[in-house]
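Coordinates in review
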Amino acid sequence: MSVTTHQLIQWKQQRRSIVALTAYDYAIAQLIDQAGVDIILVGDSLAMTVLGYETTLPLTLDEILHHAKAVRRGVKQALIVVDLPFLTYQESPQQAMHSAGRVLKETGVQAVKLEGGYPAMATTISQLTSAGIPVMGHVGLTPQSVHQLGYKKQGKTVEAGERILQEAIALQEAGAFAVVLEHIPADLADRITQKLTIPTIGIGAGPHCDGQVLVTSDLLGLSEKQPPFAKAYVNLRETITQAVKDYSLEVRENKFPNS
Ligand code: KIV
């Protein structure tokens, strides 16, 4: 039995922290699923970490669908959530329904995530959830608005913090099953977490959220640059570079393969 959205809400009530990571391919998805992660997010960070774009904006729905199908094939336990890319849902609730419908029908994953708050996204989320599509919200720093917000911490003033709190409440009322809080002050994330009955999943939002998400390339030390709040648990850039150098040397010195 795979993790369900209802189970996440129970875990919040039981104060059992929720573990989320991104994945964009079969091999990593299989590994992190077998390691016991609760939520696997096929994030639109795919655009930057795997496809080499400067921002998440150029990513298309077809590109993320291709990766989501590979992730789906590798996962047995975790709940899989797929990001709706920039301008595949903001035009209208009908556009969002079409895009989210394609994600669920064509990949077999359980849920979608979209960025932004009240009022537009609340209306869209309410229509998606009425159609039976589970939606995760995302407020605070929303990378699809990079040209408005930059990658700076959000919610630093009382008014800005209040706005993010109200957005999170609106997303819950619209039917979202969880909400990502990205790069906001820890005390604001704490207030939102206490106010909501759905789980908050933090990234750069301090320790008081109901769960945490990291971009897997950051956790593995694969990213060229990573945000200040990310933590690398291993340095795979160094490990891979060294392995390739060792291999190259052995080939050039005729040591590999041996007879
Ligand atoms: O795209 C992504 O990886 C995300 C996480 C940072 C939450 O949205």
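Residues numbered from 1 in each chain as written. Predicted model: local features only at pLDDT ≥ 70, side-chain atom pairs only at ≥ 80, totals over all residues. Heavy atoms only, no water.

**Points about the packing of helix α5 (residues 93-107) against helix α6 (residues 120-130)**
- The geometry of α5 relative to α6 is characterised by a closest axis approach of 9 Å and an angle of 45° between their N-to-C directions. As judged from the angle between their axes, α5 and α6 are oblique. Between α5 and α6 the crossing geometry is right-handed. Where α5 abuts α6, its residues Pro93, Ala96, Met97 and Ala100 lie against Thr124, Gln127 and Leu128.
- The class makeup of the residues in the contact of α5 with α6 is five nonpolar, two polar and no charged. (Axes fitted to C-alpha atoms, helices over the stretch in contact; angles between N-to-C directions. Helix = DSSP H or I, 4+ residues; strand = E, 2+ residues; numbered from the N terminus. Parallel < 35°, antiparallel > 145°, perpendicular 65-115°, else oblique. Left-handed = near helix turned anticlockwise from the far one by under 90°. Contact = heavy atoms within 4.5 Å. Nonpolar A, V, L, I, M, F, W, Y, C, P; charged D, E, K, R; others polar.)

**Things to note about the site of the ligand**
- Around the ligand, a shell composed of Thr22, Leu41, Gly43, Asp44, Ser45, Asp83, Lys113, His138, Ile203, Val213 and Val215 is seen.
- A distance of 2.5 Å separates an oxygen atom of the ligand from a polar atom in the side chain of serine 45.
- With respect to the ligand, the side chain of aspartate 83 contributes an N or O atom lying 3.1 Å from an oxygen atom.
- Its free accessible area being 260 Å², the ligand has 95% of it covered by the protein chains.
- If you map the ligand onto the pockets, it falls in the largest pocket.
- Looking at the shell around the ligand residue by residue, the classes come out as four nonpolar, four polar and three charged. (Near = heavy atom within 4 Å. Polar contact = N/O pair within 3.5 Å; in protein donor to acceptor, adjacent residues only side chain to side chain. Areas by Shrake-Rupley, 256 points an atom, 1.4 Å probe, with all protein chains shown as cover. 1 Å grid on protein atoms, 1.4 Å probe; cavity = no way out; pocket = protein on both sides within 12 Å on 5 of 7 lines; lining within 4 Å. Sits in = over half its atoms within 2 Å of the grid points.)

**Overview of the nonpolar core**
- Ranked by internal contacts, the top residues of the largest apolar core, which has 56 residues, are Ile40, Val71, Val103, Leu114, Leu181, Ile184 and Ile192.
- For this core, the element with the highest residue contribution is helix α8 (residues 158-174), accounting for seven residues.
- Those residues in contact with isoleucine 184 that lie beyond four places of it in its chain are Gly140, Lys153, Gln154, Ile164, Ala189, Ile192, Gly204 and Ala205.
- In terms of nonpolar packing, the next biggest core, distinct from the first, is built from 17 residues, Leu8, Trp11, Ala111 and Phe177 among them. (Core = buried A, V, L, I, M, F, W, Y, C linked by side-chain atoms within 4.5 Å. Buried < 20%, exposed > 50% of the residue type's maximum accessible area, 1.4 Å probe, protein only.)

**Describing the packing of helix α4 (residues 61-74) against α5**
- Contact pair α4 / α5: the axes reach a minimum separation of 9 Å and the direction vectors enclose 30°. With respect to α5, the element α4 is oriented roughly parallel. In the crossing of α4 with α5, the sense of the turn from one axis to the other is right-handed. Contacts between α4 and α5 involve Leu61, Asp62, Leu65, Ala68, Lys69 and Arg72 from the first element and Ser99, Arg102, Val103, Glu106 and Thr107 from the second.
- For the contact of α4 with α5, the per-class residue count stands at four nonpolar, two polar and five charged.

**Observations concerning empty space enclosed by the protein**
- This model, assessed by the stated rule, comprises one cavity of 30 Å³ or more.
- Reported here for the largest cavity is a volume of approximately 40 Å³.
- Looking at the lining of the largest cavity residue by residue, the classes come out as eight nonpolar, no polar and no charged. (Points joined across faces, edges and corners; volume = space filled by probe spheres on them.)

**Thoughts on unusual backbone geometry**
- Following phenylalanine 256, the chain continues into proline 257 via a peptide bond in cis, with omega recorded as -5°.
- By secondary structure assignment, the location of proline 257 is in the segment after α11 (236-252).

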